[in-house]
Amino acid sequence: RITGSLATTANNAQEADKKGIDFGKILSQKLDQVNNMQAYADEMTESFISGQAEDLHTVMIATEEARLSLELAVQIRNKVVEAYKELSNMQL
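Residues numbered from 1 in each chain as written. Predicted model: local features only at pLDDT ≥ 70, side-chain atom pairs only at ≥ 80, totals over all residues. Heavy atoms only, no water.

1. Here's the deal with the overall build of the chain
Broken down by element type, the chain carries three helices and zero strands. Along the chain direction, N to C, the helices and strands of the chain fall in the order α-α-α. Across the 92 residues that make up the chain, the buried fraction comes to 13%. Contacts spanning at least 24 positions in sequence make up 48% of the contacts within the chain whose residues lie at least 6 apart. Of the roughly 7,600 Å² of accessible surface on the chain, a fraction of 57% belongs to carbon and sulfur atoms. (Helix = DSSP H or I, 4+ residues; strand = E, 2+ residues; numbered from the N terminus. Buried < 20%, exposed > 50% of the residue type's maximum accessible area, 1.4 Å probe, protein only. Contact = heavy atoms within 4.5 Å. Areas by Shrake-Rupley, 256 points an atom, 1.4 Å probe, with all protein chains shown as cover.)

Structure (structure tokens):
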């Protein structure tokens, strides 16, 4: 699912480049999706703890998806920062 999301993001970025859509907007949308996944996982956990949800598998899947999406976002951030540092160290 994450791999599909990454491919979708790449396709969206290519389409955005053709249409002239701002990269910042795409980044903001994807970070909002990560945040929504975290909030959903928190809601599922709380409902399980309170006894409203009985399916532990659904809670665990939502939690793992949220964890993986956050980990992916952090790794992308690290790569962007690394690329920026390399560009800033280049001599013209």
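2. Comments concerning the environment of E65
Tracing the backbone shows E65 in helix α3 (residues 56-89). Sequence spacing of E65 and A41 is 24 residues, and the spatial spacing of their C-alpha atoms is 8.3 Å.

3. Re a nonpolar patch on the surface
Judged by side-chain polarity, F48, I49, L56 and M60 come together as a nonpolar surface patch covering roughly 410 Å² of accessible area. Classification of F48 as partly exposed rests on a relative accessible area of 32%. (Patch = residues over 30% accessible without salt bridge, like charges linked within 9 Å, V, L, I, M, F, W, Y side chains within 5 Å. Salt bridge = Lys/Arg side-chain N within 4 Å of Asp/Glu carboxyl O.)

4. Details of the confidence of the model for the chain
Taken over all residues, the pLDDT of the chain has a mean of 85, while the share at 70 or more is 79%. Highest mean pLDDT in the chain belongs to α3 (94); lowest belongs to helix α1 (residues 2-19) (60). (pLDDT = per-residue confidence, 0-100.)

5. Some details on the packing of helix α2 (residues 23-49) against α3
When two helices pack together, their arrangement is given by the angle between the helix axes and by the axis-to-axis distance. Closest axis-to-axis distance for the α2/α3 pair is 9 Å, and the angle between their directions is 155°. With respect to α3, the axis of α2 lies roughly antiparallel. The handedness of the crossing between α2 and α3 is left-handed. Residues V34, M37, Q38, Y40, A41, M44, T45 and F48 of α2 touch α3, and the partners they reach there are L56, T58, V59, A62, T63, E65, A66, R67, S69, L70 and A73. Across the contact of α2 with α3, the residue classes tally to twelve nonpolar, five polar and two charged. (Axes fitted to C-alpha atoms, helices over the stretch in contact; angles between N-to-C directions. Parallel < 35°, antiparallel > 145°, perpendicular 65-115°, else oblique. Left-handed = near helix turned anticlockwise from the far one by under 90°. Nonpolar A, V, L, I, M, F, W, Y, C, P; charged D, E, K, R; others polar.)

6. Observations regarding the pattern of salt bridges
Close approach of charged atoms lets side chains of opposite charge pair. Considering all chains together, one arrives at two salt bridges under this definition. Between E64 and R67 there is a salt bridge, with the nearest N and O atoms lying 2.5 Å from each other. Of the two residues, E64 and R67 both sit in helix α3, three residues apart, roughly one turn of that helix. Here R67 falls in the partly exposed class, since its relative accessible area comes to 41%. With a shortest N-O distance of 2.9 Å, E71 and R67 are connected by a salt bridge. Separated by four residues within a single helix, E71 and R67 lie in helix α3, roughly one turn from each other.

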